[in-house]
Amino acid sequence: MNTKPMLTLHDVKTIALTAEAEALRNAWAVTIAIVDDGGHLLWLQRLDGAAPVSAHIAPGKARTAALGRRESRIYEEMINQGRFSFLSAPGLESLLEGGVPILVEGHCVGAVGVSGVKSSEDVQIAKAGIAALLA
């Protein structure tokens, strides 16, 4: 039987608090979503001023990163390069930059998805949260 690390509630709160701090430090109104390795929502936080639609996009980015075991940006790049068939990939949604997998000891334990500002800024927030967990 194999064993692997898993996110705890404490881990999720650590990621969320650090991601929130990064967003607030930059005055970015975003939604932060954290999912487990199966793409199931563990945390959703919409900061004041974030667009309502971001509460749908952020979890989708996180699910895509968790299920694909790679940044959601990869799918956006593939589609932009003409591989339009990925638009019909089952289970993947929000094929946009801003979803980042959480990798621990070679295992994907979940992902963070952020929506509300430029995609590169969404990623900056997600990676700040993940870095706090791995520190």
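For the structure, check the block above.
Below you will find a few notes about this structure.

Reading the values: rules and limits
Think of each chain on its own: its residues are numbered from 1, step by step along the sequence as written. Local features are withheld for residues below a pLDDT of 70 in this predicted model, meaning they are given only at 70 or higher, and side-chain atom pairs are given and counted only at 80 or more; totals for whole chains, interfaces and linings count all residues. No hydrogens and no water enter the side-chain calculation; it runs on all heavy atoms of the structure. Under the DSSP-based scheme used, a helix requires at least four consecutive residues in state H or I and a strand at least two consecutive residues in state E, with every element numbered from the N terminus. Every radius of gyration here is taken over C-alpha atoms, with the globule rule written as 2.2 Å times N^0.38, N being the number of residues. Using a 1.4 Å probe on the protein chains alone, a residue whose accessible area is under 20% of its type maximum counts as buried, one over 50% counts as exposed, and one in between counts as partly exposed. Here a residue-residue contact requires only that any non-hydrogen atoms of the pair lie within 4.5 Å. For the purpose of charge, His is not counted, nor are the chain termini; Lys and Arg are scored as positive and Asp and Glu as negative. One atom stands in for each charge, and that atom is NZ of Lys, CZ of Arg, CG of Asp or CD of Glu. What qualifies as a polar contact is a pair of N or O atoms within 3.5 Å, subject to a donor-acceptor requirement within protein and to the restriction that residues adjacent in sequence count only when both atoms come from side chains. We treat two strands as partners when DSSP finds at least two bridges between them. Working convention: axes come from line fits to C-alpha atoms, limited for helices to the stretch in contact. Angles between N-to-C directions cover 0 to 180 degrees. Throughout this description, the term nonpolar core refers to a set of buried Ala, Val, Leu, Ile, Met, Phe, Trp, Tyr and Cys residues connected via side-chain atoms within 4.5 Å.

1. Thoughts on the overall build of the protein
The secondary structure content of the protein amounts to 4 helices and 4 strands. When the helices and strands of the protein are listed from N to C terminus, the series reads α-β-β-α-α-β-β-α. Its C-alpha atoms give the protein a radius of gyration of 14 Å, near enough to 14 Å, the size a compact globule of 135 residues would have. A principal-axis box enclosing the C-alpha atoms of the protein has dimensions of 45 × 35 × 20 Å. A burial count over the protein gives 47% of its 135 residues as buried. For the protein, long-range pairs separated by at least 24 residues make up 64% of all intrachain contacts whose partners lie at least 6 apart in sequence. Here the protein holds 12 positive side-chain charges and 14 negative ones, and the gap between their average locations is 3 Å.

2. Quick notes on the side chain of glutamine 45
Inspection of the secondary structure puts glutamine 45 in strand β2 (residues 41–46). Within the structure, glutamine 45 has its side chain in polar contact with the side chain of glutamate 20 (distance 3.3 Å). For glutamine 45, the side chain forms a polar contact with the side chain of tryptophan 43, separated by 3.2 Å. Once residues within four sequence positions are removed from consideration, glutamine 45 is found in contact with Ala16, Glu20, Val30, Thr31 and Ile32.

3. Observations concerning the pairing of β2
Where a strand is regular, its side chains alternate between the two sheet faces. As paired elements, strand β1 (residues 31–36) and β2 share 5 bridges and run antiparallel to each other. From the neighbouring strand, valine 35 faces β2, where its bridge partner is leucine 41. Hairpin connection from β1 to β2: 4 residues lie between these consecutive antiparallel strands, with glycine 39 at a positive phi of about 85°.

4. Some words on the sheet that holds strand β4 (residues 107–115)
Pairing is antiparallel across the open sheet formed by 4 strands, whose spatial order is β2-β1-β4-β3. With one partner strand each, in any of the chains shown, β2 and β3 (99–104) form the two edges of the open sheet. Ignoring which end each strand starts from, the neighbouring axes of this sheet average 15° apart. The pairing of β3 with β4 spans 6 bridges and is classified as antiparallel. Looking at the pairing, glycine 99 lines up with glycine 113 of β4.

5. Things to note about the nonpolar core
With 22 residues, the main nonpolar core has Leu7, Val30, Ile102, Val112 and Ile125 as its most contacted residues. Mapped onto this core, the elements with two or more residues apiece are α1 (9–25), β1, β3, β4 and α4 (119–134).

6. Here's the deal with the pairing of β3
With respect to burial, β3 is a largely interior element, 5 of its 6 residues being buried. Here β3 hands over to β4 after 2 residues, with glutamate 105 in that stretch at a positive phi of 55°.

7. Overview of unusual backbone geometry
Positioned with a positive phi, serine 94 is a non-glycine residue whose angle comes to about 50°. Mapped onto the elements of the fold, serine 94 is located in the loop between α3 (72–80) and β3. Positive phi, close to 55°, is recorded for glutamate 105, a residue that is not glycine. Within the secondary structure, glutamate 105 is located in the loop between β3 and β4. Note on glutamate 105: relative accessible area 69%, which makes it exposed.

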